[in-house]
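Spelled out from the first residue to the last, the chains are:
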Amino acid sequence: MGMHTLRTITTALLVTAAGSAVAADKDRISFDMVVSKTASNCLPDAHARVTIDSKGEAEDMLIFASGLPPKTGFDFFVIQVPNAPFGLAWYQGDVETDSAGNAVQHFRGRFNIETFIIAQGVAQAPQVFNDPPFPDAKENPETFGPDGKTPGPVQTYHLGLWFNSPKDAQKAGCLANVTPFNGEHNAGIQVLNASNFPDNFGPLRTLKTDR
C-alpha cells in the first residue's frame, strides 16, 4: 500500500467520523446543518454548510445557509444537544437572509473540542428581560461532574438556528411557537441543527487543535 493511498484512507475515516460527513484536516472542518423536525414540513429545503478554521487561540466559523424565507432574521446558538430540550445553550449572534433566502455569516470564538460551559456554584443572575413566557432566571444552576458533587464542565458541540420571531415563522407556514432562543427570549422555532451527528458527538468535537 502506497503512502498516498494510506493518506486517502485516513482522510476518509475522518470524513465519516461520528456517522456524518465531515471534511476535516488538522485545523479546519466543514459539515452540514440539516432542517429540524419542527421545520421539516414548512421549510424542507433549509440547509447550511459550516466551515470552521482554527487560528489556535480562537476559531473562525463561516455559515452558508439556503432554503430559508427571504429577508428574515434568525438567531444562532451553540447548544449541548441538537433537539429539544437542547441542554445548555450559548447565543452566538444573528443571521439575516437576502431576497433569495440565502445567508452568510461569520462568528469568531471557541468552536472546537474544548468548547464548554461550567457553573462551579450558584450565583445571582441579572434580571433584564422579564417578560413572559421566558423571564430571566434569578440564579444559575450548578453543573456537576459524574459524582454529582464536584463541579463539572458540560461540553457543547452542537449548533442550532432559530427564527428570531414567531410571526416570521408563521408567515413561512411554520408553527408560531414562542421559544427563548433570541436576545429578548421571544424567538420562534428551531429551523436548522446538527442532528445528522449523534447527541454526544456534535460536529465541534471533531476539531482538535494544538495550542
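Going by the structure above, here's the rest.
Not measured: the values here are computed from a predicted model.

> Could you clarify how one ought to interpret the state of the cysteines in this entry?
Note on terminology: a disulfide is the covalent bond linking the sulfur atoms of two cysteines. If you walk through the whole model with that rule in mind, you get one disulfide. Each sulfur in the disulfide pair Cys42 and Cys174 lies 2.0 Å from the other. Taking the sign of the S-S torsion, about 100° here, the bridge from Cys42 to Cys174 comes out right-handed. Residue Cys42 is found in the loop between strand S2 (28-35) and strand S3 (47-54), and its partner Cys174 is found in the loop between helix H2 (166-171) and strand S11 (190-193); the two are separated by 132 residues along the sequence. The exposure classification of Cys42 matches that of Cys174, with both residues buried.

> What is the right way to look at the environment of Val35 in this model?
Tracing the sequence through the fold places Val35 in strand S2. Measuring from C-alpha to C-alpha, the distance between Val35 and Ala46 comes to 5.5 Å, with eleven residues separating the pair along the chain. Beyond its immediate chain neighbours, meaning those up to four positions away, Val35 contacts Ser40, Leu43, Pro44, Ala46, Val191 and Leu192.

> What am I meant to see in unusual backbone geometry here?
Note on backbone geometry: most residues besides glycine have negative phi, and most peptide bonds are trans. For the peptide bond that leads from Ala84 to Pro85, omega is 15°, which places it in the cis range. In this fold, Pro85 is placed in the loop between strand S5 (73-79) and strand S6 (89-96). The omega torsion across Pro132 and Pro133 is 5°, close enough to zero to call that bond cis. Residue placement: Pro133 occurs in the loop between strand S8 (116-117) and strand S9 (154-155). In this structure, Phe86 is a non-glycine residue whose phi angle is positive, near 75°. By the element assignment, Phe86 lies in the loop between S5 and S6. Judged by its relative accessible area of 12%, Phe86 is buried.

> I keep staring at the pairing of S5 and nothing clicks. Help me out?
Each regular strand carries side chains that alternate between the two faces of the sheet. Burial runs high along S5: seven of the seven residues are buried. Of the two faces of S5, both are covered, the one formed by Gly73, Asp75, Phe77 and Ile79 as well as the one formed by Phe74, Phe76 and Val78. Direction of pairing for S5 relative to S6: antiparallel, over a ladder of seven bridges. From the neighbouring strand, Ile79 faces S6, where its bridge partner is Ala89.

> Which parts of the structure should I look at to understand the packing of aromatic side chains?
Aromatic ring pairs: the centre-centre distance and the angle between the two ring planes describe each pair. Scanning the model with the defined rule gives nine aromatic pairs in all. A centroid spacing of 6.0 Å and a plane angle of 85° characterise the contact between Phe31 and Phe197, whose relative ring orientation is edge-to-face. In this pair, Phe31 sits in strand S2 while Phe197 sits in the segment after S11, placing the two residues 166 residues apart along the sequence. Owing to a relative accessible area of 3%, Phe197 belongs among the buried residues under this scheme. Each ring, one from Trp162 and one from Phe181, has its centre 4.0 Å from the other, and the planes form 10°; the classification is stacked. Taken together, the positions of Trp162 in strand S10 (residues 158-163) and Phe181 in the loop between H2 and S11 put the pair 19 residues apart, joining distant regions of the chain. An identical accessibility class is assigned to Trp162 and Phe181; each is buried.

Thresholds, definitions, all that
- Residues numbered from 1 in each chain as written.
- Predicted model: local features only at pLDDT ≥ 70, side-chain atom pairs only at ≥ 80, totals over all residues.
- Heavy atoms only, no water.
- Disulfide = S-S within 2.5 Å.
- Helix = DSSP H or I, 4+ residues; strand = E, 2+ residues; numbered from the N terminus.
- Buried < 20%, exposed > 50% of the residue type's maximum accessible area, 1.4 Å probe, protein only.
- Contact = heavy atoms within 4.5 Å.
- Pairing = 2+ DSSP bridges.
- Phe/Tyr/Trp six-rings, centres within 6.5 Å; stacked < 30°, edge-to-face > 60°.

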